[in-house]
Amino acid sequence: TQLLEQSPQFLSIQEGENLTVYCNSSSVFSSLQWYRQEPGEGPVLLVTVVTGGEVKKLKRLTFQFGDARKDSSLHITAAQPGDTGLYLCAGGRPDNYQLIWGAGTKLIIKP
Amino acid sequence: EAGVAQSPRYKIIEKRQSVAFWCNPISGHATLYWYQQILGQGPKLLIQFQNNGVVDDSQLPKDRFSAERLKGVDSTLKIQPAKLEDSAVYLCASSLGSGQGGMKTQYFGPGTRLLVL
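These figures come from a predicted structure and were not determined experimentally.

1. Observations regarding the overall build of chain B
Regarding its fold elements, chain B presents zero helices and 11 strands. When the helices and strands of chain B are listed from N to C terminus, the series reads β-β-β-β-β-β-β-β-β-β-β. Computed over its C-alpha atoms, the radius of gyration of chain B comes to 13 Å, within 12% of the 13 Å expected for a compact globule of 117 residues. Viewed in the frame of its principal axes, chain B has a C-alpha envelope of about 40 × 30 × 25 Å. Evaluated residue by residue, chain B yields a buried proportion of 46% over its 117 residues. Long-range pairs, those at least 24 residues apart, make up 55% of the contacts in chain B between residues at least 6 apart in sequence.

2. A short note on the sheet that holds strand β8 (residues 71-76) of chain A
Residues and elements named next belong to chain A. Spatially, five strands are ordered β1-β3-β8-β7-β6 in an open sheet, and the strand pairing comes out antiparallel. Whereas interior strands pair on both sides, the edge strands pair on one side only; in this sheet they are β1 (5-7) and β6 (55-58). Taking each pair of neighbouring strands and ignoring which way they run, the sheet shows an average axis angle of 15°. When β6 meets strand β7 (residues 61-65), the two strands line up antiparallel, connected through four bridges. Residue pairing for β7: Val55 is matched across the bridge by Gln64.

3. Thoughts on the side chain of Thr48 of chain A
Its place among the elements puts Thr48 of chain A in strand β5 (residues 44-49). A polar atom in the side chain of Thr48 of chain A sits 3.3 Å from the side chain of Gln33 of chain A.

4. Some remarks on the sheet that holds strand β3 (residues 19-24) of chain B
All names here are of chain B. Strand order across the open sheet formed by four strands is β1-β3-β8-β7, with antiparallel pairing between neighbours. Every interior strand has two partners, whereas the edge strands, β1 (5-7) and β7 (65-68), have only one. If you compare each strand with its neighbour and ignore which way they point, the axes differ by 15° on average. Where β1 lies against β3, three bridges are found, and the strand directions are antiparallel. By the bridge assignment for β3, Ala5 is matched with Asn24.

5. Re the interface of chain B and chain A
Counting residues at the interface gives 24 residues for chain B, matched by 26 residues for chain A. Buried surface at the junction of chain B and chain A, summed over both partners, amounts to about 1,700 Å²; 50% is from carbon and sulfur atoms. Remark: the boundary between chain B and chain A carries zero salt bridges. For the interface between chain B and chain A, the tally reads three residue pairs in polar contact (both at pLDDT 80 or more).

6. Points about a nonpolar patch on the surface
A surface patch of nonpolar side chains, amounting to about 300 Å² of accessible area, comprises Ile12, Leu115 and Leu117 of chain B. Looking at the secondary structure, you find Leu117 of chain B in the segment after β11 (112-116).

7. What about the pairing of strand β2 (residues 10-14) of chain A?
Residue and element names in this part refer to chain A. Residues Leu11 and Ile13 point to one face of β2 and are all buried, whereas Phe10, Ser12 and Gln14, pointing to the other face, are not buried. Relative to strand β11 (residues 105-110), β2 is paired through five bridges, and the arrangement is parallel. Residue pairing across strands places Ile13 opposite Ile109, the latter belonging to β11.

8. Description of the state of the cysteines
According to the stated counting rule, one finds two disulfides over all chains in the structure shown. Cys23 of chain A shares a disulfide with Cys89 of chain A; S-S distance 2.0 Å. Residues Cys23 of chain A and Cys89 of chain A are joined through a disulfide that is right-handed, its torsion about the S-S bond being 80°. Linking Cys23 of chain A in strand β3 (residues 19-24) with Cys89 of chain A in strand β9 (residues 85-92), this pair joins segments that are 66 residues apart in sequence. The exposure classification of Cys23 of chain A matches that of Cys89 of chain A, with both residues buried. Residue Cys23 of chain B pairs covalently with Cys92 of chain B via a disulfide, S to S 1.9 Å. Linking Cys23 of chain B and Cys92 of chain B, the disulfide has an S-S dihedral of approximately -70° and is accordingly described as left-handed. Placement of the pair is Cys23 of chain B in strand β3 and Cys92 of chain B in strand β9 (residues 88-95), with a sequence separation of 69 residues. Here Cys92 of chain B falls in the buried class, since its relative accessible area comes to 0%.

How each quantity is defined
Residues numbered from 1 in each chain as written. Chains lettered and ligands numbered in written order. Predicted model: local features only at pLDDT ≥ 70, side-chain atom pairs only at ≥ 80, totals over all residues. Heavy atoms only, no water. Helix = DSSP H or I, 4+ residues; strand = E, 2+ residues; numbered from the N terminus. Rg over C-alpha atoms; globule rule 2.2 N^0.38 Å. Buried < 20%, exposed > 50% of the residue type's maximum accessible area, 1.4 Å probe, protein only. Contact = heavy atoms within 4.5 Å. Pairing = 2+ DSSP bridges. Axes fitted to C-alpha atoms, helices over the stretch in contact; angles between N-to-C directions. Polar contact = N/O pair within 3.5 Å; in protein donor to acceptor, adjacent residues only side chain to side chain. Buried area = accessible area lost by both parts, 1.4 Å probe. Salt bridge = Lys/Arg side-chain N within 4 Å of Asp/Glu carboxyl O. Patch = residues over 30% accessible without salt bridge, like charges linked within 9 Å, V, L, I, M, F, W, Y side chains within 5 Å. Areas by Shrake-Rupley, 256 points an atom, 1.4 Å probe, with all protein chains shown as cover. Disulfide = S-S within 2.5 Å.

Given below as structure tokens:
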């Protein structure tokens, strides 16, 4: 069974600090997606990475796909209260259409 | 462009009762997904439709859950009878196609929060 483990499960930091959250697996994925889910809403796609070693930036968010395509990280610079939410990673299985979802990192940014 | 619509937003029922959820995907999206998200967990795929055909329902508890997408547009998910452990958020998502390896972007609705007492 393919699993995606996210760490930490919960993170509460002050506005302006930097943070990194991780998404790890022992399996290879064809792609890795990061979503943010706010309370009372569905997940919203932030980025898709497909190439081992790929780095994508979205304003203050930096996403990296591991060289072996088994893991990924999300780094936020100078976190803001608007970054608060549940960050989910989802890996695309190479053999079919399915997404394997992690349990998420709940992030709280305090003003 | 209108997003994925779901109703109701909240539902409270007693165990052994029945409940139905409705989803209207983004216009033109051929693929529709129903997920169950239990508090503290990531979404779990229950069923995936391509137009009006079922692509994957391997994780759907078929003794109590059913879903249909008769005209290839909107969809309903039903639970009959409900159990306490069915308390969760039920998310509907749609995409233009299923893609390979999860490449197609899935657009999610706001979800229906179900509480079974």
